[in-house]
Amino acid sequence: TETCAPGNSFDPKNEKPVINEENLISNQIDISNNDLSDKTGMIEKEEIKLIIPYGNSFLLIDEVKTIDNSQIIAIKKVNLDEFWTKSHFIDFPIMPGVLIVEGMAQAGTILIRKNLQDSITKDILAYNIREMKFMLPVFPNDELRYDVKIKTMEDKIVSLECKTLVNDKICV
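Residues numbered from 1 in each chain as written. Predicted model: local features only at pLDDT ≥ 70, side-chain atom pairs only at ≥ 80, totals over all residues. Heavy atoms only, no water.

### Re the overall build of the chain
Here's step 1: Looking only at helices and strands, the chain features three helices and nine strands.
Here's step 2: When the helices and strands of the chain are read in sequence order from the N terminus, they spell out β-β-β-α-β-α-β-β-α-β-β-β.
Here's step 3: A buried classification covers 38% of the 172 residues belonging to the chain.
Here's step 4: Long-range contacts, defined here as pairs at least 24 residues apart, represent 56% of the contacts in the chain between residues at least 6 apart.
Here's step 5: When the accessible area of the chain is evaluated, it comes to approximately 10,900 Å², of which 51% is carbon and sulfur surface. (Helix = DSSP H or I, 4+ residues; strand = E, 2+ residues; numbered from the N terminus. Buried < 20%, exposed > 50% of the residue type's maximum accessible area, 1.4 Å probe, protein only. Contact = heavy atoms within 4.5 Å. Areas by Shrake-Rupley, 256 points an atom, 1.4 Å probe, with all protein chains shown as cover.)

### Let's talk about the packing of aromatic side chains
Here's step 1: Evaluation of the coordinates by the stated rule reveals two aromatic pairs.
Here's step 2: Ring geometry for Tyr 54 and Phe 58: centres 6.0 Å apart, planes at 50°, overall tilted.
Here's step 3: Judged by relative accessible area, which is 32%, Tyr 54 ranks as partly exposed.
Here's step 4: Note on Phe 92 and Phe 139: the rings are 5.7 Å apart at their centroids and 65° apart in plane angle, and the pair reads as edge-to-face. Linking Phe 92 in the loop between strand E6 (71-77) and helix H3 (97-115) with Phe 139 in the loop between H3 and strand E7 (143-154), this pair joins segments that are 47 residues apart in sequence. (Phe/Tyr/Trp six-rings, centres within 6.5 Å; stacked < 30°, edge-to-face > 60°.)

### Quick word on the nonpolar core
Here's step 1: Counting 29 residues, the largest nonpolar core has Met 95, Ile 110 and Tyr 146 as the members making the most contacts within it.
Here's step 2: Sorting the residues of this core by element identifies helix H2 (45-51), strand E5 (63-67), E6, H3 and E7 as the ones contributing at least two each.
Here's step 3: The element best represented in this core is H3, accounting for seven residues. (Core = buried A, V, L, I, M, F, W, Y, C linked by side-chain atoms within 4.5 Å.)

### Looking at the pairing of E5
Here's step 1: Where strand E4 (residues 43-44) meets E5, two bridges bridge the pair, whose relative direction is antiparallel. Paired with Ile 43 across the bridge in E5 is Val 64.
Here's step 2: Hairpin remark: E5 followed by E6, antiparallel, with three residues in the connecting loop. (Pairing = 2+ DSSP bridges.)

### Some remarks on the pairing of strand E8 (residues 157-166)
Here's step 1: Summarising the sheet, E7 and E8 pair through 10 bridges and their orientation is antiparallel. The residue bridging Asp 147 from the neighbouring strand is Lys 163, located in E8.
Here's step 2: Counting the residues that bridge the hairpin from E7 to E8 gives two residues, and of these Asp 155 lies at a positive phi of roughly 45°.
Here's step 3: Pairing geometry for E8 and strand E9 (residues 169-170), over two bridges, is antiparallel. When the bridges of E9 are listed, Leu 165 appears paired with Ile 170.
Here's step 4: Linking two consecutive strands that pair antiparallel, namely E8 and E9, is a turn of two residues; a positive phi of about 50° is found at Asn 167 within it.

### Some details on the pattern of salt bridges
Here's step 1: This structure, assessed with the given rule, holds six salt bridges.
Here's step 2: Between Glu 63 and Lys 65 there is a salt bridge, and its shortest N-O distance comes to 3.3 Å. (Salt bridge = Lys/Arg side-chain N within 4 Å of Asp/Glu carboxyl O.)

### Quick word on the side chain of Glu 82
Here's step 1: Tracing the backbone through its elements, the reader meets Glu 82 in the loop between E6 and H3.
Here's step 2: Judged by relative accessible area, which is 12%, Glu 82 ranks as buried.
Here's step 3: With near-sequence residues (within four places) excluded, Glu 82 lies in contact with Lys 76 and Lys 77.

### Notes on unusual backbone geometry
Here's step 1: Here the bond from His 88 into Phe 89 is cis, since omega is 0°, no more than 30 degrees from zero.
Here's step 2: Mapped onto the secondary structure, Phe 89 falls in the loop between E6 and H3.
Here's step 3: Unusually for a residue other than glycine, Asn 141 sits at a positive phi of about 80°.
Here's step 4: Residue placement: Asn 141 occurs in the loop between H3 and E7.
Here's step 5: One non-glycine residue with positive phi stands out, namely Asn 167, at about 50°.
Here's step 6: Under the relative-accessibility criterion, Asn 167 is labelled exposed at 65%.

Right, dumping it as structure tokens:
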């Protein structure tokens, strides 16, 4: 068994992480029952970490500007010291598209959790991505705006419409 996070483990034979429920409950907040946003719908980075359990190096949202039951607008400020800037590409850093897609997925996860009762006990995974287009590159010092809306939400299937903008121009 390999260690994933304190209190959790991963057993390659089972192909699924073993989650210590006590650890999960103590470190996360059910956003559907605890509104972390202020009156404008803003959620700060430390509160985001309570909703989705990521470390700083892979948390691709710095703040949530607004959130309601149907839409979230989240921000990521791309810094020159991001882990990928020295390698993708050497001397010409462009944010990998998969990280932009992951940022949209993280914003979508927060939005979905807001709509689920007992959301911390549920796994939220992406199963399908349709019609993804990369329109413009993203560079250090850019500010990404993830705009994610729920199109449909039925039983265990949620369909999201996502876009990422830089300076009000769609990049993904």
